[in-house]
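Commentary on secondary and tertiary structure
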Amino acid sequence: MVTNVTKARALALLIPAGLLAGAWGSQLIGHLYPCEMCHWQRWPHYAALVIALLAFVPRSPVRLLVALAAIAIAVSGAIGVAHAGVEYHWWNGFTPCTTTFSGSGSLIDQMMKAPIIRCDVAQWKLFGISLAGFNAIISLSGALAVFYFLFKRDRAG
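Here we summarise the structure given alongside this text. Source: prediction; values computed, not measured.

Helix and strand counts for the protein chain stand at five helices and two strands. For the protein chain, the succession of helices and strands along the chain, N to C, is α-α-α-α-β-β-α. When the accessible surface of the protein chain is totalled, it reaches about 9400 Å², and 71% of it is carbon and sulfur.

What follows is the structure in C-alpha cells.
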C-alpha cells in the first residue's frame, strides 16, 4: 500500500528534480542563460534534492527530511516570487544584475560593466508568466502538496 508519507517523499524528490531538469534543459538546450537571481532559485532545489534522497535511506527520519525538503522547495518558490516581481517591475531589483546605466562615468565603461544577463528582463514567457513565475507557482504549490501528504492521515484499510 502506498502511504501518504510515501507520496510526500516522492513529491519532495520529483519536484526539485523536475524543476532543475527544466532549468538546466532551458540553459543547455534552449540557450536561456541564468541571471544571478535564477541561480539563487536553484540552490534551494539542490538542497531539497539531497535532503529528499536522504529520506530514502533506511531508518532515516523520513518525516523530518521530507519536511526539510518541502521547506527548501518553498524557499526557492519565495525567491521565484521576488525574481518575478523584479521582472514585472513590481519592485526594484536588489542585485547588480538589475543595474541600469546612470548619468555618471563614460557610457563605454558602464556598458562594459553591465551584466550580460539581466535579472529584471524575462528571457522567456508563456501566457505572460516568466520562468521565475513558473518556478514560484510550481515550487510553492508543490511544497504545499508535500506538506498536505506528509500530515494527511492514511485511511484504515
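Here the focus is the side chain of Gln 27. In this fold, Gln 27 is placed in helix 1 (residues 4-28). Residue Gln 27 is classed as buried on the basis of its relative accessible area, which comes to 13%. Discounting chain neighbours no more than four positions away, the residues touching Gln 27 are Leu 32, Tyr 33, Pro 34 and Arg 42.

So, about the nonpolar core. Grouped together as the largest cluster of nonpolar side chains are 20 residues, with contacts concentrated most on Ala 8, Ala 12, Val 66, Ala 69 and Val 146. The element contributing the most residues to this core is helix 3 (residues 62-87), with seven residues. The contact partners of Ala 8, leaving out residues within four places of it in the chain, are Val 66, Val 146, Phe 149 and Leu 150.

Here we come to the packing of helix 1 against helix 2 (residues 36-54). One can describe the packing of helix 1 onto helix 2 by two numbers: an axis separation of 8 Å at closest approach and a directional angle of 140°. Between helix 1 and helix 2, the crossing angle belongs to the class labelled oblique. Where helix 1 crosses over helix 2, the handedness of that crossing is left-handed. From helix 1, Ala 12, Leu 13, Pro 16, Ala 17, Leu 19, Leu 20, Ala 23, Trp 24 and Gln 27 reach across to helix 2, where they touch Arg 42, His 45, Tyr 46, Ala 48, Leu 49, Ala 52 and Leu 53. Here the contact of helix 1 with helix 2 is built from residues that sort into 13 nonpolar, two polar and one charged.

Moving on, we come to the environment of Thr 3. Along the chain, Thr 3 turns up in the segment before helix 1. It is 8.8 Å that separates the C-alpha atoms of Thr 3 and Arg 153, two residues lying 150 residues apart in sequence. Polar side-chain contacts of Thr 3 include one of 2.8 Å to the side chain of Thr 6.

Take the side chain of Ser 139 next. Within the secondary structure layout, Ser 139 lies in helix 5 (residues 131-151). Those residues within four positions of Ser 139 in sequence are excluded, and the remaining contacts are Leu 19, His 45, Ile 73, Ser 76 and Gly 77.

On to the packing of aromatic side chains. Overall, the coordinates contain five aromatic pairs when judged by the stated rule. Ring centres of Tyr 88 and Trp 90 lie 5.1 Å apart, and the angle between their planes is 35°; on these two criteria the pair is classed as tilted. Residue Trp 90 is classed as exposed on the basis of its relative accessible area of 58%. Between Tyr 148 and Phe 149, the ring centres sit 5.2 Å apart and the planes meet at 70°, which makes this aromatic pair edge-to-face. Taken together, the aromatic side chains of Tyr 88, Trp 90 and Trp 91 make up a single cluster linked through ring pairs.

Next up on the list: the state of the cysteines. Every disulfide links exactly two cysteines, by a covalent bond between their sulfur atoms. The final tally for this structure, using the stated rule, is zero disulfides. Its sulfur unpaired, Cys 38 is 3.5 Å from the next cysteine sulfur, which belongs to Cys 35. Judged by its relative accessible area of 22%, Cys 38 is partly exposed.

Relative to the 30 Å expected for 21 residues at 1.5 Å per residue, helix 5 spans 30 Å between its end C-alpha atoms, a close match to the ideal helical length. Taken residue by residue, helix 5 has Ala 132, Gly 133, Asn 135, Ala 136, Ser 139, Gly 142, Ala 143, Val 146, Phe 149 and Leu 150 as its buried positions. Buried-residue contacts for helix 5 involve helix 1, helix 2, helix 3 and strand 2 (129-130).

Rules and cut-offs
- Residues numbered from 1 in each chain as written.
- Predicted model: local features only at pLDDT ≥ 70, side-chain atom pairs only at ≥ 80, totals over all residues.
- Heavy atoms only, no water.
- Helix = DSSP H or I, 4+ residues; strand = E, 2+ residues; numbered from the N terminus.
- Areas by Shrake-Rupley, 256 points an atom, 1.4 Å probe, with all protein chains shown as cover.
- Buried < 20%, exposed > 50% of the residue type's maximum accessible area, 1.4 Å probe, protein only.
- Contact = heavy atoms within 4.5 Å.
- Core = buried A, V, L, I, M, F, W, Y, C linked by side-chain atoms within 4.5 Å.
- Axes fitted to C-alpha atoms, helices over the stretch in contact; angles between N-to-C directions.
- Parallel < 35°, antiparallel > 145°, perpendicular 65-115°, else oblique.
- Left-handed = near helix turned anticlockwise from the far one by under 90°.
- Nonpolar A, V, L, I, M, F, W, Y, C, P; charged D, E, K, R; others polar.
- Polar contact = N/O pair within 3.5 Å; in protein donor to acceptor, adjacent residues only side chain to side chain.
- Phe/Tyr/Trp six-rings, centres within 6.5 Å; stacked < 30°, edge-to-face > 60°.
- Disulfide = S-S within 2.5 Å.
- Expected span 1.5 Å × (residues − 1).

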